Amino acid sequence: MTAPTIERDVSLLVQEAIEKHGAHRDALIPILSEVNHALGYIPAEAFQEVHKQLQTEDVSVSKGQLFGLASFYDMLSTKPRGRHVIKFCENAPCHVVGGKAVWDALCDSLNLKNGETTPDKKWTLVTTSCLGLCSVGPVVLIDDDLYGNVVPGQIDKILARYE
Amino acid sequence: MAFYRSHVLVCVDPECLAKGAHEVVDALQDEFIAQGLIDEIQVLETSRIGGCAVGPEMMVYPEGVHYIGMTPDDIPYLVEEHFLKGRVVERFREVVKPIVDEELGPLRPKEVRIVLRNCGQIDPNNIEDYLAADGYQALGKVLFEMTPEGVIDEVLNSGLRGRGGAGFPAAKKWAITREVPDNPKYMICNADEGDPGAFMNRRVLEGDPHCVIEGMIIGAYAVGASYGYIYCRAEYPVAVETLNIAIKQAREFGFLGNNILGTDFSFDLEVRVGAGAFVCGEETALIASIMGNRGEPHPRPPFPSVKGVWDKPSNNNNVETYSVVPQIILNGATWYSSMGTEKSKGTKTFAVGGNVVKPGLIEVPMGITLREIIFDVAGGIKDGKKFKAVQTGGPMGGCLTEQHLDLQLDYEALSKAGSMMGSGGLVVMDETSCMVDIARYFMDFTQAESCGKCTPCRVGTRRILELLQKICDGKGEEGDIEALEDLCFEVSRNSLCGLGQGAPVPVVSTLKNFRHEYEAHIFEKRCPAKVCKPLIRLNVEESVCTGCTVCARNCPVEAISGERRQVHHIDEKTCIRCGICVQVCNFNAIVVSSEGVIQLTEV
């Protein structure tokens with residue numbers, strides 16, 4: 001899902017996102033989500049571009065407001081992320097069926113803590129709010145791939161699937 | 001419509017997808033083509049049938065045979081046996097038995113399904129399936145036979161109350177929104193189901209999206225609204241996709257858009273996806289988020305019914321509330337109000353979790369007792385343990401005890417008992433749960449999700465969490481309980497929105513019902529449930545230990561010593577109380593105790 005950051009033209013990306021979701025104030029979250037999805041995070045120049053391209057008669061948003069949005073919502077990141085983002089459900093239903101051990105195995109295997117990215121920019125490890133898949137917990141979401149009933153022993157095998 | 005002799009419904013819930021449901025669908029299609037059966041047998045994708053834990057799963061109609069656990073490689077054999085030779089393949093057959101499903105299986109004792117009636121029965125991505133299940137008939141009845149006031153009266157008489165948890169009569173809200181002299185008006189569906197462990201709304205959105213859409217259209221007609229938003233959390237990608245497909249199909253069929261069913265009533269709606277913020281389930285925060293702002297709540301009044309999206313009157317209900325509206329219209333208010341208690345009518349869905357035999361999704365009539373839910377519907381407490389507490393209403397709900405088990409479930413009874421209906425999470429706890437630890441766990445959650453706008457919630461929840469942590473760490477002092485009580489009172493009273501107002505409830509209710517556990521932690525330095533690590537000790541029971549060395553080999557900090565075939569010993573100072581030795585010991589020789597002795601090591 002995530003393309004290498006540098007080669008993408010941020011200006012064009014923002015333009016496409018605005019065209020897709022509309023040049024409205026209420027399209028800001030979808031626009032930022034689109035950028036976040038394409039780049040894995042929202043770089044400073046993307047805020048600049050959205051600010052610049054959305055200056056119309058009706059709409060005007062400051063870079064500060066945009067950053068405020070991105071920092072409020074957990075799914076929007078202002079820091080670069082790895083090529084693959086691992087989201088681990090840390091909520092009670094997953095916790096009671098052995099989630100902690102899976103989380104420890106993930107941290108050990110990648111040598112990461114919550115929110116960190118590996119030096120080779122391959123993996124980012126974060127916790128997520130409840131995914132509602134409590135009956136197959138513990139649940140791990142890697143990019144858009146769901147893994148349910150995960151046990152610590154499977155972690156290396158699962159991670160090996162990703163380039 | 002083409003005629004098929006047989007229909008194969010394959011479950012494509014996220015759980016089954018994760019186990020290769022799409023590959024099974026592809027394999028089925030390929031094999032039916034190869035066998036020349038493709039014109040006779042239709043393969044459909046549906047939501048959960050009931051065996052996702054052992055998925056992929058599929059249902060074959062008209063026989064009603066439920067297959068589970070097959071891989072694409074098994075499909076050629078299965079197709080040959082079942083569809084060519086007409087023999088049921090017992091190897092993959094899910095025999096109908098009471099305990100099949102973790103989430104939504106066959107009807108359990110005392111269950112009544114209205115909200116969930118179509119889930120797993122129809123293809124959510126095909127509007128025709130919904131139509132065949134009486135779909136959009138209620139809309140027709142409303143548009144051609146009823147006035148908006150008539151609709152409001154019918155829903156009012158049914159006694160339907162907001163299923164988001166607060167329990168405000170749905171039709172009363174409609175009437176208020178209708179009467180505000182301002183236009184346009186908006187409909188909002190709150191599908192930001194963020195409570196951990198609660199996934200009732202996800203099931204409805206993924207399994208039967210049209211009933212929610214139909215309910216919203218009927219509501220819009222009653223309210224006089226012209227546009228609607230379904231605000232769905234981004235953690236539910238399948239629900240978002242299913243909704244978008246359903247909305248598109250509803251437009252194609254003329255149920256949404258201009259001049260619905262040829263009348264002069266027009267209404268359309270769209271899905272708005274969140275970006276990961278628990279507080280957006282609060283209605284004013286949700287509205288801020290729809291408008292592209294930070295999802296921070298603002299004080300009410302003005303209520304959304306008066307000033308909502310774009311400062312216009314906006315009617316906000318929860319997924320479950322809308323989903324029952326078509327059934328109320330079709331079957332009548334009397335039918336719906338025949339279920340439940342005096343003030344709480346109809347049914348309610350719950351996600352039952354925790355230490356019960358059969359956790360999962362249930363729908364029960366209001367007025368059922370907690371005892372019936374826990375022991376009849378959910379099969380009782382797991383592993384023969386003793387019931388201790390049940391937490392209702394999600395992270396801002398209270399913990400109820402044995403004495404509350406015979407309460408008839410309704411909004412008032414739960415509030416009176418110190419908890420709330422909430423969206424429908426039920427966490428059942430047995431004797432091994434420490435109530436101080438539970439309170440700390442929920443406070444940890446709400447503290448992290450506090451949006452930070454108002455000080456009582458932002459700072460207050462943090463201070464409460466610190467006190468609870470201190471008590472769990474065995475450092476509680478005289479006066480901590482009183483300080484907790486004061487803080488909880490202030491945070492509840494002064495916070496801006498439901499999150500802060502409700503955040504102290506787990507603490508308040510455990511303080512009320514399990515005060516002795518707090519006192520044991522503080523004054524005796526003891527955790528009665530043996531959960532809080534700094535307050536427990538692990539010892540080897542000398543008469544049982546065989547000296548097999550398993551514990552010593554598995555101890556991560558090398559705190560266990562002893563020669564082979566000799567009794568082992570745990571060094572208290574090194575031990576981190578991780579409990580691995582308890583799990584690995586084959587002879588149950590490691591004993592956990594909490595006897596009030598503290599020889600604390602830095603953990």
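Residues numbered from 1 in each chain as written. Chains lettered and ligands numbered in written order. Predicted model: local features only at pLDDT ≥ 70, side-chain atom pairs only at ≥ 80, totals over all residues.

**Some points on the overall build of chain B**
Argument step 1. Across its full length, chain B carries 23 helices and 17 strands.
Argument step 2. Over its C-alpha trace chain B gives a radius of gyration of 27 Å, about what one expects of a compact globule, namely 25 Å for 603 residues.
Argument step 3. On the principal axes, the C-alpha backbone points of chain B span a range of 85 × 65 × 40 Å.
Argument step 4. Relative to its 603 residues, chain B shows a buried fraction of 54%.
Argument step 5. For chain B, the share of sequence-separated contacts (at least 6 apart) that also reach a separation of at least 24 residues comes to 72%. (Helix = DSSP H or I, 4+ residues; strand = E, 2+ residues; numbered from the N terminus. Rg over C-alpha atoms; globule rule 2.2 N^0.38 Å. Buried ≥ 20, exposed ≤ 12 C-beta atoms within 10 Å, placed from the backbone. Contact = placed C-beta atoms within 7 Å.)

**Observations concerning the overall build of chain A**
Argument step 1. From N to C terminus, chain A includes six helices and four strands.
Argument step 2. Secondary structure elements of chain A, listed N to C terminal, follow the sequence α-α-α-α-β-α-β-β-β-α.
Argument step 3. Taking the principal axes of the C-alpha coordinates as reference, chain A spans close to 55 × 30 × 25 Å.
Argument step 4. A burial count over chain A gives 43% of its 163 residues as buried.
Argument step 5. Pairs at least 24 apart in sequence give 63% of the contacts found in chain A among residues at least 6 apart.

**Description of the interface of chain B and chain A**
Argument step 1. Taken together, the contact between chain B and chain A spans 32 residues of the former and 28 residues of the latter.
Argument step 2. Elements with a contribution of two residues or more to the side of chain B that touches chain A: α1 (14–18), α11 (283–290) and β9 (347–354) of chain B.

**Focus on the packing of helix α6 (residues 148–158) of chain B against helix α12 (residues 319–331) of chain B**
Residues and elements named next belong to chain B.
Argument step 1. Orientation of α6 relative to α12, taken along the N-to-C sense of each, is 100°, at an axis distance of 10 Å. Judged on the interaxial angle alone, α12 and α6 are roughly perpendicular. Facing α6, whose interface residues are E154, V155 and S158, α12 presents V325, I328 and I329.
Argument step 2. Tallied by class, the residues present in the contact of α6 with α12 amount to four nonpolar, one polar and one charged. (Axes fitted to C-alpha atoms, helices over the stretch in contact; angles between N-to-C directions. Parallel < 35°, antiparallel > 145°, perpendicular 65-115°, else oblique. Nonpolar A, V, L, I, M, F, W, Y, C, P; charged D, E, K, R; others polar.)

**A word on the sheet that holds strand β12 (residues 399–401) of chain B**
All names here are of chain B.
Argument step 1. Strand order in the open sheet made by the five strands is β10-β9-β13-β11-β12, with mixed pairing throughout. Each of the sheet's edge strands pairs with one partner strand only, and the pair in question is β10 (360–365) and β12. Ignoring strand direction, the axes of neighbouring strands in this sheet form an average angle of 30°.
Argument step 2. Direction of pairing for β9 relative to strand β13 (residues 425–430): parallel, over a ladder of four bridges. From the neighbouring strand, G354 faces β13, where its bridge partner is V428.
Argument step 3. Running over the sheet, helix α20 (residues 505–513) touches β11 (387–392) and β12 and is turned about 25° from β12. (Pairing = 2+ DSSP bridges.)

**Quick look at helix α17 (residues 455–472) of chain B**
Residues and elements named next belong to chain B.
Argument step 1. Helix length check: α17 (18 residues) gives 25 Å between terminal C-alpha atoms against 26 Å at 1.5 Å per residue, within 8%.
Argument step 2. Listing the buried residues of α17 in full gives C457, G460, T461, I464, L465, L467, L468, I471 and C472. Viewed along the axis of α17, the buried residues span an arc of 160°, placing them on a single side of the element.
Argument step 3. In this structure, the buried residues of α17 make contact with α16 (435–449), α18 (480–494), α19 (498–502), α20 and α21 (515–523). (Expected span 1.5 Å × (residues − 1). Arc of directions from axis to C-beta.)

**Notes on the nonpolar core**
Residues and elements named next belong to chain B.
Argument step 1. Formed by 217 residues in total, the largest nonpolar core has its most connected members in C189, I217, I218, C232 and I464.
Argument step 2. No other element matches helix α9 (residues 209–223), which puts ten residues into this core.
Argument step 3. In contact with C189, other than residues within four places in its own chain, are V212, M216, G228, I230, Y231, N317, V319 and Y322.
Argument step 4. Counting twelve residues, the second largest nonpolar core, distinct from the first, contains L538, I560, C581 and A589. (Core = buried A, V, L, I, M, F, W, Y, C linked by C-beta atoms within 7 Å.)

**Considerations on the pairing of strand β1 (residues 84–89) of chain A**
Residues and elements named next belong to chain A.
Argument step 1. For β1, the tally of buried residues reaches six of six residues, placing the bulk of the element in the interior.
Argument step 2. Burial along β1 is two-sided: H84, I86 and F88 facing one way and V85, K87 and C89 facing the other are all buried.
Argument step 3. Judged from the six bridges that link them, β1 and strand β2 (residues 123–128) form a sheet pairing that is parallel. In the strand pairing of β2, K87 is matched with V126.
Argument step 4. What joins β1 to β2 is helix α5 (residues 92–110), and the crossover it makes is right-handed.
Argument step 5. Here β1 runs beside strand β3 (residues 140–142); their pairing, made up of three bridges, is antiparallel. Counterpart to K87 in the pairing with β3 is L141. (Right-handed = clockwise from strand over helix to strand, strands pointing away.)

**Focus on the sheet that holds strand β6 (residues 227–232) of chain B**
Residue and element names in this part refer to chain B.
Argument step 1. Ordered by their spatial adjacency, four strands build an open sheet running β7-β6-β5-β8, and the pairing between neighbours is parallel. Sheet topology places β7 (268–273) and β8 (314–318) at the edges, where each strand pairs with a single neighbour. Here the strands of the sheet are splayed against their neighbours by 20° on average, with no regard to which way each runs.
Argument step 2. Strand direction decides the pairing type here: strand β5 (residues 186–191) and β8, joined by five bridges, are parallel. Along β8, the bridge assignment pairs I188 with N316.
Argument step 3. Packing against the sheet, α11 makes contact with β5, β6, β7 and β8, and its axis sits at approximately 105° to β6.

**A closer look at unusual backbone geometry**
Residue and element names in this part refer to chain B.
Argument step 1. In this model, N183 is joined to P184 through a cis peptide bond whose omega is -5°.
Argument step 2. For the bond from R300 to P301, the omega torsion is -10°, close enough to zero to count as cis.
Argument step 3. Counting through the fold element by element, P301 comes out in the loop between α11 and β8.
Argument step 4. In this structure, K530 takes a positive phi of about 60° despite not being glycine.

**Comments concerning the domain arrangement of chain B**
Accessible area lost upon the coming together of the parts is a frequently used measure of interface size.
Residues and elements named next belong to chain B.
Argument step 1. Annotation of chain B at the domain level lists domain 1 (6–92), domain 2 (127–336), domain 3 (347–430), domain 4 (435–523) and domain 5 (536–593).
Argument step 2. On the side of domain 3, 16 residues touch domain 2, which itself brings 14 residues to the contact.
Argument step 3. Broken down by class, the residue content of the side of domain 2 that touches domain 3 amounts to four nonpolar, four polar and six charged. (Domains from an automatic or database assignment.)

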